[in-house]
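Examination of the molecular architecture
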Amino acid sequence: KWTLGFTGRPGGPDFYINKLDNSAIHGPGGQNQHDISEYGDPCFAKVVDGFDVLEMAFIEPTYHDDHEWGWFFEDPIHIVHAKLLED
């Protein structure tokens, strides 16, 4: 939950923020529509602050569930600032 993922489809590259644990869908073996069944979208970061901003973003309209891009926002939301933290 609250991880930042990277995808190159459909016409990406695009980043996405996981609102829940979807490793079964986006992890190895979850992308069965591809020639390589082990293919997955890498999650490479974790959101640690700004959850209130994310909650406001996630109420924005998305395409309908029966649409090919059912989880995509109708109007893209751009990440304009991110900060890398050291361990």
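Scroll up to find the structure.
First, a word on what this report is: a plain description of the structure on this page. These numbers were taken from a predicted model, which means no experiment stands behind them. (Residues numbered from 1 in each chain as written. Predicted model: local features only at pLDDT ≥ 70, side-chain atom pairs only at ≥ 80, totals over all residues. Heavy atoms only, no water.)

Quick word on the overall build of the protein chain
This is how it is decided: The helix and strand labels rest on DSSP assignments: H or I over at least four residues marks a helix, E over at least two residues marks a strand, and numbering proceeds from the N terminus. Partly exposed residues are those whose accessible area sits between 20% and 50% of the maximum for their type, while under 20% is buried and over 50% is exposed, using a 1.4 Å probe and protein chains only. Only the protein chains shown count as cover for residues, and the accessible areas themselves come from Shrake-Rupley with a 1.4 Å probe.
Per the secondary structure count, the protein chain includes two helices and three strands. Ordered by position from the N terminus, the helices and strands of the protein chain form the series β-β-α-β-α. Within the protein chain, the proportion of its 87 residues that are buried is 17%. Counting every atom, the protein chain has about 7,300 Å² of accessible surface; 58% of that belongs to carbon and sulfur.

A few points about the packing of aromatic side chains
For the record, the criterion: A pair of aromatic rings is counted whenever rings of Phe, Tyr or Trp (Trp by its six-membered ring) have centres within 6.5 Å, and the orientation is called stacked for planes under 30 degrees apart, edge-to-face for over 60 and tilted otherwise. Charge-over-ring placement is defined geometrically: NZ (Lys) or CZ (Arg) within 6 Å of the ring centre, and within 35 degrees of the ring normal.
Scanning all chains against the criterion turns up three aromatic pairs. On the numbers, 6.3 Å between centres and 15 degrees between planes, the contact of F58 with F73 is stacked. Residue F58 is found in the segment after α2 (51–57), and its partner F73 is found in the segment after α2; the two are separated by 15 residues along the sequence. Judged by relative accessible area, F58 falls into the partly exposed class, the value being 21%. Taken together, the ring pairs in this structure connect W2, F51, F58 and F73 into an aromatic cluster. Against the face of F58 rests K19, its NZ or CZ located 4.7 Å from the ring centre.

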